[in-house]
Amino acid sequence: MKIIRYVLKKLYDEADYFTINISSPNTEGLRLLHEEQYLDTLLSELQKLNHHISDLKSSDVKCIFLKIAPDINNEMIESVYRTAVKTTSAELSLQTQLFRDLKLNLTLMNREVSAESP
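Engineer: I would appreciate a short explanation of the overall build of the protein in the present structure.
Structural biologist: Each helix and strand in the protein was counted, giving four helices and three strands. Start at the N end of the protein and walk to the C end: the helices and strands fall as α-β-α-β-α-β-α. Each of the 118 residues in the protein was classed as buried or not, and the buried ones make up 36%. Residue pairs at least 24 apart in sequence account for 74% of intrachain contacts in the protein once pairs closer than 6 positions are excluded. Within the structure as shown, the protein displays about 7600 Å² of accessible surface, and the carbon and sulfur contribution to it stands at 53%.

Pasting the structure below:
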């Protein structure tokens, strides 16, 4: 998290958005960030920092994309999505390399929008 904080602070004025990659299969322990308790902590801290920097600079809050693993199952994708939406108030977008995941994310978003409609 220390490196992420540093990058956000240093590049905030230059970037239109940030992408956090939690999908690297070669980085020990990184896949744990797909689990709700770890992801919730990461996203909460990122959003607090995002809003804090935005307030200090009197600028818009930056969009944060989350790159998730392309080989996780649908149940994990749903869990990641629910955690992201709960934590970020939909300011965070999920992306992955597989079409099935995108389709699932769009389906979940449509369900949520339909549920909120009168």
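Engineer: Hey, could you run me through the pairing of strand 2 (residues 63-67) in this one?
Structural biologist: As paired elements, strand 1 (residues 17-21) and strand 2 share five bridges and run parallel to each other. Each residue of the ladder has a partner; that of Tyr17, found in strand 2, is Cys63. Viewed along the sheet, the connection from strand 1 through helix 2 (residues 36-57) into strand 2 turns out right-handed.

Engineer: Explain the pattern of salt bridges here, please?
Structural biologist: Pairing is possible between side chains that carry opposite charge, provided their charged atoms lie close to one another. Scanning all chains against the criterion turns up three salt bridges. The partner of Arg5 in a salt bridge is Glu45, with the nearest N and O atoms 3.4 Å apart. Placement of the pair is Arg5 in helix 1 (residues 2-11) and Glu45 in helix 2, with a sequence separation of 40 residues. On the basis of relative accessible area, Arg5 is assigned to the partly exposed category, the value being 32%. The class of Glu45 is partly exposed, set by a relative accessible area of 32%. Ionic pairing is found between Arg82 and Glu78, a salt bridge with its closest N-O pair at 3.7 Å. Taken together, the residues span about one helical turn, with Arg82 and Glu78 both in helix 3 (residues 74-88) at a distance of four residues.

Engineer: What exactly am I supposed to notice about helix 2 here?
Structural biologist: Since there are 3.6 residues in each turn of an α-helix, residues three or four apart along the chain are aligned in direction. In a regular helix each residue adds 1.5 Å, so 22 residues correspond to 32 Å; helix 2 covers 31 Å between its end C-alpha atoms and thus fits that length. Listed as buried for helix 2 are Leu39, Leu42, Leu43, Leu46, Gln47, Leu49, Asn50, Ile53 and Ser54. Taken around the axis of helix 2, the buried residues stretch over an arc of 165°, which confines them to a single face. Exposed positions of helix 2 whose direction lies more than 90 degrees from the buried face are Lys48, Asp55 and Leu56. Once helix 2 finishes, Ser58 follows within two positions and takes phi at roughly 50°, a positive value.

Engineer: Honestly, the nonpolar core in this entry has me stumped. Any pointers?
Structural biologist: Proteins that are soluble and globular tend to have nonpolar side chains buried together. Ile20, Ile22, Leu39, Leu46, Leu66 and Ile68 are the most contacted members of the largest nonpolar core, which totals 20 residues. Broken down by secondary-structure element, the contributors of at least two residues to this core are strand 1, helix 2, strand 2 and helix 3. In terms of residue count, helix 2 provides more of this core than any other element does, six residues in total. Residues contacting Ile20, with those up to four places away along its chain left out, are Ile4, Leu42, Leu46, Ile64, Phe65, Leu66 and Lys67.

The rules behind the values
Residues numbered from 1 in each chain as written. Predicted model: local features only at pLDDT ≥ 70, side-chain atom pairs only at ≥ 80, totals over all residues. Heavy atoms only, no water. Helix = DSSP H or I, 4+ residues; strand = E, 2+ residues; numbered from the N terminus. Buried < 20%, exposed > 50% of the residue type's maximum accessible area, 1.4 Å probe, protein only. Contact = heavy atoms within 4.5 Å. Areas by Shrake-Rupley, 256 points an atom, 1.4 Å probe, with all protein chains shown as cover. Pairing = 2+ DSSP bridges. Right-handed = clockwise from strand over helix to strand, strands pointing away. Salt bridge = Lys/Arg side-chain N within 4 Å of Asp/Glu carboxyl O. Expected span 1.5 Å × (residues − 1). Arc of directions from axis to C-beta. Core = buried A, V, L, I, M, F, W, Y, C linked by side-chain atoms within 4.5 Å.

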